[in-house]
Every structure is written in structure tokens, then in C-alpha cells.
Amino acid sequence: MVIQCAVRTPSRWPLRTRIDSPPDCGGRRALIDVPIPFGVESPGYVAVRVLQYLAFSLWTGSVGASLWWLRHSMQAGETAAGVSRATLVRMLRGALLLLVLSLILRLWAQAHAFDDTTLWPQPVMVMTLLRKTLWGRAWLLEALALGVGAVAAWSMRRDGSNDGAWRTAAGVTLMLAFSFALSGHAASSPSLLPLAVLADTAHATAAGAWIGGLVVLAVAALPAARSTVGGARGLALSNAITAFSNVALAAVTTLVATGAFASWLHVGSLAQLWSAVYGRTLLIKLFVMTPMLLAGLANWRWIQPRLRTHLSADVALRWSLRIELGFAVAVLLVTAILVATPTPMEG
């Protein structure tokens, strides 16, 4: 740690901290050079990962809405819920920009895990990180995927009717999920490494499809339904929820199966769920997911059937979606902490 005497206000960036009347500065303020508090387990890096997961969910939800869960109710380029593919194109492009931002911030933060004494990491050190580590190769794969995604997103027609571009975006989804798996716990699994990476890829894709679909419902389907009147509103929302439920059910099934496999692989024993930090964090994630699952079940079993006959049911739907999305953000937050927590199998 280096102490420098100063007579002016120090930099506003937290590279330095002020203290009063240090022994060797004659009563003047001093600047203390300290490491930037932005390591892989810091709140700042957790926030970056949450941004990444939210953006990936928005991307996956837009792709899923266009290619699968709204296709059954499409008529002349628009869904029964009034959500046009043009809206999904805008959501896809917004998600891409957020993913690029998180990509840059993650590289900057990861570089500080190697050298946290300077604001801007040395280019040689960054190149070593990218070329010599598995994390770096996963980052490069994600960058490549986003490059392909940018071409696909900006080659779409304004009305979003380019099916080929949407299928390319679906391939980008899998590339992104695979890159996440390569930079997570799955890549350091002591056994069944290929299966662990594939399971983690499926887990991320399923989570993105579920949470992203909820975002499409809340941001696009509900506002569009408000422009309709009478029974058409309930019919539009009912059709949208029915289509989404098919994907959501498959996504939840995949999440349960791959999550159970990952827990068995990384936790090691039942006792580690309580004794290890990783195990306790995993239990918190499961606890936060429970209300989200219950809200989804309520939408599917009770609210959706009433939408066709009870105009007031859309109010209950709005509240249910808000609950689901609120807990979804909480799940992503816990996940962002979990991926930086060493597993019991890693020692």
C-alpha cells in the first residue's frame, strides 16, 4: 500500500482513500492507493452477472416467443395477444446491447482478479487471460456468439418476418448457454465433465426460456391486451398463457432434472447442504424459487381458465406475473452469488 501526501481533492474513483493528519504529511490529507474492490465475489461483479443473466433471459424469451410459444396463435404476423414480431425484434436488440455491456464489464472485472492494483488492466495481461485460461476461451466464444447474434438481429426485417434470422438467434442462444457452462462450476467438475457441461447448458437455456417468457408476457402481451375490449382481451391473454405454458412446463422439467444432477455432482453429500457455504446458498436458491413455481402454477391452473369468462381475471394475472418476475430476479441474484462460491468438491 502506497501513501502519497496531497493538497488537492483526490480522484473520485475509489482507487484512493483519504485520511486526516498522517504522520509524515504535516497535517495534510494523504492519498492511499488501495486495490479496487471489484473481485469475482464482490457486489459489483455479482451485479454484472445479474445483468448478464437478465439480458440472456430477455434474448431467449424473445426467440422462444417468436419461434415457439406464440407461433400457434399467430395470425398475419401478429399473435392473438397482439404482440407483433416487430416488438420481439426490439426486445432482442435491446437484450443484445445489454449482453455486450455485460461482456465488457465481466472482462474488466475478471482482469482485476489477476491484477487489482490499477484501474485499467495491462493489455498483455488481458491477452494472457483470454488465450491461456478456460474462462478466457469461454469469453471469446461468448463474444463470437454475440457477433453472430448482432448480424442476425440487425438483418431481421422491421416486422420480424425473417424466419432464418430467428433460427440463427436460436443457435446463438445455445452458444451463449454453452459459454456460460464453460466459465462456471461445470467446467471444473471432478467427474462426468462433458455431461456436466451439457447439463449446465440445458439448465441455462431452460431458465432463460422460462424467465424470458415471463418478461414477454409482462412487457408485451399484457400491454397489447389492454388495447382490446370485452371478451377479446381475456381470449388474447388466455391464448398467450396457454402457448407459453407449454414451453414453461418443459423448461421447469429441464431445470429440475439438470439442477438435481448438478447438485449431486457439486455438493457431494446431503450433509454439505447445511455445512458448506455453497450448499446453504443452493438451499436459499431453492427456497426463493418455490413462490415463483407456485405463482406459475396459479396462472396455469386457476387464472388462465378464468380469463375467457371473467374480465377481472387479468388483474389477478398482472399481480401473479409481478410476483413471478420479482422472485425470478431474486433467483438470478442468488445464482450470481452461487457461481462465484466454491463447491465442496472443489475444496
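Data block above holds the structure.
## Digging into the overall build of the protein chain
The secondary structure content of the protein chain amounts to ten helices and five strands. A total of about 17,100 Å² of accessible surface is found on the protein chain, and carbon and sulfur atoms cover 66% of it.

## Observations concerning the packing of aromatic side chains
Under the criterion given, the structure shown has two aromatic pairs. Each ring, one from Phe-56 and one from Phe-180, has its centre 5.1 Å from the other, and the planes form 75°; the classification is edge-to-face. Of this pair, Phe-56 sits in helix 1 (residues 43–69) while Phe-180 sits in helix 5 (residues 163–182), and the two are 124 residues apart along the sequence. Take Phe-56 and Phe-180: they sit in the same class, and that class is buried. The ring centre of Trp-319 lies 5.0 Å from the NZ or CZ of Arg-322, which sits over that ring.

## Section: the packing of helix 2 (residues 85–114) against helix 4 (residues 134–155)
It is at 10 Å that the axes of helix 2 and helix 4 come closest, and there the two elements cross at 160°. It follows from the interaxial angle that helix 2 and helix 4 lie roughly antiparallel. You can see that helix 2 and helix 4 cross each other, and the crossing is left-handed. Contact residues: helix 2 offers Val-89, Leu-92, Arg-93, Leu-96, Leu-97, Leu-99, Val-100, Leu-103, Arg-106, Leu-107 and Gln-110, while helix 4 offers Trp-135, Trp-139, Glu-142, Ala-143, Leu-146, Gly-149, Ala-150, Ala-153 and Trp-154. The residue makeup of the contact of helix 2 with helix 4, split by class, is 15 nonpolar, two polar and three charged.

## Focus: the nonpolar core
Within the largest apolar cluster, 41 residues are counted, with the highest numbers of intra-cluster contacts made by Trp-59, Val-63, Leu-92, Trp-166 and Leu-176. Listed by contribution, the elements that provide at least two residues to this core are helix 1, helix 2, helix 3 (123–132), helix 4, helix 5 and helix 6 (193–225). Looking at this core element by element, the count peaks at eleven residues for helix 2.

## Examining the environment of Ile-337
Within the secondary structure, Ile-337 sits in helix 10 (residues 313–338). The class for Ile-337 is partly exposed, based on a relative accessible area of 39%. Here the alpha-carbon distance between Ile-337 and Pro-43, two residues 294 residues apart in the chain, equals 8.8 Å. Sequence-distant contacts of Ile-337, defined by excluding residues within four places in its chain, comprise Val-46 and Thr-281.

## So, the packing of helix 4 against helix 5
For the pair helix 4 and helix 5, the least separation of the axes is 9 Å and the interaxial angle reads 165°. Taken together, the axes of helix 4 and helix 5 are roughly antiparallel relative to one another. The element helix 4 and its partner helix 5 pack so that their crossing is left-handed. Across the interface between the two elements, Leu-134, Ala-138, Leu-141, Glu-142, Leu-144, Ala-145, Leu-146, Val-148, Gly-149, Ala-152 and Ser-155 of helix 4 pack against Ala-165, Thr-168, Ala-169, Val-172, Met-175, Leu-176, Phe-178, Ser-179, Phe-180 and Leu-182 of helix 5. Residue composition of the contact of helix 4 with helix 5, grouped by class: 16 nonpolar, four polar and one charged.

## A few points about helix 9 (residues 277–306)
Here helix 9 spans 44 Å end to end across 30 residues, near enough to the 44 Å set by a 1.5 Å rise per residue. At Asn-299, helix 9 shows its largest bend, some 40°. Buried residues of helix 9: Tyr-278, Gly-279, Thr-281, Leu-282, Lys-285, Val-288, Met-289, Met-292, Ala-295, Asn-299, Ile-303 and Gln-304, and no others.

## Quick notes on the environment of Thr-201
As for its placement among the helices and strands, Thr-201 is situated in helix 6. Look at Thr-201 and you get buried, because its relative accessible area is 9%. Expressed as a C-alpha distance, the spacing of Thr-201 and Phe-180, which sit 21 residues apart in the sequence, is 7.3 Å. Leaving out residues up to four positions away in the same chain, Thr-201 has contacts with Leu-174, Ala-177, Phe-178 and Ala-181. There is a polar contact of 2.9 Å between the side chain of Thr-201 and the backbone oxygen of Val-197.

## A few points about the pattern of salt bridges
Tallied over the full model, the rule gives one salt bridge. Of the charged contacts in the structure, one is a salt bridge between Glu-142 and Arg-106, with a shortest N-O distance of 2.7 Å. Placement of the pair is Glu-142 in helix 4 and Arg-106 in helix 2, with a sequence separation of 36 residues. Judged on exposure class, the residue Glu-142 and its partner Arg-106 are both buried.

## Considering the side chain of Gln-52
Within the element layout of this structure, Gln-52 appears in helix 1. Once you skip the residues sitting within four places of it in the chain, Gln-52 turns out to touch Leu-99, Ser-102, Arg-106, Glu-142 and Phe-180.

## Thoughts on the side chain of Glu-324
Counting through the fold element by element, Glu-324 comes out in helix 10. Put simply, Glu-324 is tucked away with no salt bridge, and the nearest opposite charge, on Arg-322, sits 12 Å away.

## Things to note about a nonpolar patch on the surface
A cluster of nonpolar residues, Leu-249, Leu-294, Leu-297, Trp-300 and Trp-302, forms a patch on the protein surface that exposes about 550 Å² of accessible area. When residues in the nonpolar patch are grouped by element, the largest group, four residues, is from helix 9. Along the chain, Leu-249 turns up in helix 7 (residues 231–267).

Procedures and definitions
- Residues numbered from 1 in each chain as written.
- Predicted model: local features only at pLDDT ≥ 70, side-chain atom pairs only at ≥ 80, totals over all residues.
- Heavy atoms only, no water.
- Helix = DSSP H or I, 4+ residues; strand = E, 2+ residues; numbered from the N terminus.
- Areas by Shrake-Rupley, 256 points an atom, 1.4 Å probe, with all protein chains shown as cover.
- Phe/Tyr/Trp six-rings, centres within 6.5 Å; stacked < 30°, edge-to-face > 60°.
- Buried < 20%, exposed > 50% of the residue type's maximum accessible area, 1.4 Å probe, protein only.
- Lys NZ or Arg CZ within 6 Å of the ring centre and 35° of its normal.
- Axes fitted to C-alpha atoms, helices over the stretch in contact; angles between N-to-C directions.
- Parallel < 35°, antiparallel > 145°, perpendicular 65-115°, else oblique.
- Left-handed = near helix turned anticlockwise from the far one by under 90°.
- Contact = heavy atoms within 4.5 Å.
- Nonpolar A, V, L, I, M, F, W, Y, C, P; charged D, E, K, R; others polar.
- Core = buried A, V, L, I, M, F, W, Y, C linked by side-chain atoms within 4.5 Å.
- Expected span 1.5 Å × (residues − 1).
- Bend = angle between axes of the 7 residues up to and from the residue.
- Polar contact = N/O pair within 3.5 Å; in protein donor to acceptor, adjacent residues only side chain to side chain.
- Salt bridge = Lys/Arg side-chain N within 4 Å of Asp/Glu carboxyl O.
- Lys, Arg positive; Asp, Glu negative; His and termini not counted.
- Patch = residues over 30% accessible without salt bridge, like charges linked within 9 Å, V, L, I, M, F, W, Y side chains within 5 Å.

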